[in-house]
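# Geometric and topological summary
The primary structure of each chain is shown beneath.
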Amino acid sequence: QAQLVESGGGLVQPGGSLRLSCAASGSILTLLRIGWYRQAPGKQRELVAIIRDGSITDYSDSVTGRFIISRDNAKNTAYLQMSSLKPEDTAVYYCYVDFVGALTNERYNYWGQGTQVTVAS
């Protein structure tokens, strides 16, 4: 199984920037997808950004042009650079991984514990 370590959350003013990171470790053969979903109070969890093993990305329309996701394959780590942050970006951001396990050759989906991002003056 894999372990996820998330970091980078915090409080930032509107218009500011934050960078989230998510590092996956363990028995991972292929990290197919890694990225973030977020959930704001009273709202459903939604996709933020996902990057695939071929570096193909998917973004929510609400963050396109402001957020950039990247990955370091040597570290099995993804980064989410968030710029021009808005109060509506306030949410708990959950790292998500989709991978093939090295020991079983089966596909797994894991969620991180989440990190709080608060955008406020």
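One can find the structure itself at the top, above this paragraph.
Conventions adopted
Residues numbered from 1 in each chain as written. Predicted model: local features only at pLDDT ≥ 70, side-chain atom pairs only at ≥ 80, totals over all residues. Heavy atoms only, no water. Salt bridge = Lys/Arg side-chain N within 4 Å of Asp/Glu carboxyl O. Buried < 20%, exposed > 50% of the residue type's maximum accessible area, 1.4 Å probe, protein only. Pairing = 2+ DSSP bridges. Helix = DSSP H or I, 4+ residues; strand = E, 2+ residues; numbered from the N terminus. Axes fitted to C-alpha atoms, helices over the stretch in contact; angles between N-to-C directions. Disulfide = S-S within 2.5 Å. Polar contact = N/O pair within 3.5 Å; in protein donor to acceptor, adjacent residues only side chain to side chain. Contact = heavy atoms within 4.5 Å. Lys, Arg positive; Asp, Glu negative; His and termini not counted.

## Some words on the pattern of salt bridges
- The full count for this structure, using the stated rule, is six salt bridges.
- The salt bridge involving Asp58 is made with Arg52; its shortest N-O contact spans 2.6 Å.
- Arg107 is paired through a salt bridge with Asp98; the nearest N and O atoms lie 2.5 Å apart.
- Owing to a relative accessible area of 55%, Arg107 belongs among the exposed residues under this scheme.

## Details of the sheet that holds strand β7 (residues 67–72)
- Taking strand neighbours across the sheet as the criterion, the four strands line up as β1-β3-β8-β7 in an open arrangement whose pairing is antiparallel. The open sheet has two free edges, formed respectively by β1 (2–7) and β7, since each of these has just one partner strand. Across the sheet, the axes of successive neighbouring strands diverge by a mean angle of 15 degrees, strand direction being ignored.

## Overview of the environment of Ser55
- Mapped onto the elements, Ser55 comes out in the loop between β5 (46–52) and β6 (57–59).
- Ser55 sits in the partly exposed class, given a relative accessible area of 43%.
- Here the alpha-carbon distance between Ser55 and Gly101, two residues 46 residues apart in the chain, equals 20 Å.

## Some thoughts on unusual backbone geometry
- Of note, Ser55 is a non-glycine position whose phi angle comes to about 70 degrees, a positive value.
- Non-glycine residue Asn76 carries a positive phi angle of around 50 degrees.
- The class of Asn76 is partly exposed, set by a relative accessible area of 22%.

## Comments concerning the state of the cysteines
- What the rule picks out here adds up to one disulfide.
- Here Cys22 pairs with Cys95 through a disulfide, and the sulfurs are 1.9 Å apart. On the S-S bond that ties Cys22 to Cys95, the torsion sits near -90 degrees, and the link is left-handed. On the criterion of sequence distance, the pair formed by Cys22 in strand β3 (residues 18–26) and Cys95 in strand β9 (residues 91–101) is long-range, its members being 73 residues apart.
- Its relative accessible area of 0% is what places Cys22 among the buried residues.
- Relative accessible area serves as the criterion here: at 0%, Cys95 is assigned to the buried category.

## What about the side chain of Arg38?
- One can find Arg38 in strand β4 (residues 28–39).
- Arg38 sits in the buried class, given a relative accessible area of 5%.
- Engagement of the side chain of Arg38 in a polar contact is seen with the side chain of Glu46, the distance being 2.8 Å.
- Within the local environment of Arg38, its side chain forms a polar contact with the side chain of Ser62, the two groups lying 3.3 Å apart.
- With residues near it in sequence (within four places) discarded, Arg38 still touches Gln44, Arg45, Glu46, Val48, Ser62, Val63, Phe67, Glu88, Asp89, Ala91, Val92 and Tyr93.

## A short note on the side chain of Glu6
- Tracing the sequence through the fold places Glu6 in strand β1.
- Buried charge Glu6 goes without a salt bridge, the closest partner of opposite sign being Arg45 at 9.0 Å.
- Of the polar contacts made by the side chain of Glu6, one reaches the backbone nitrogen of Cys95; its length is 2.8 Å.
- Reaching out from Glu6, the side chain makes a polar contact with the backbone nitrogen of Gly114 at a distance of 2.8 Å.

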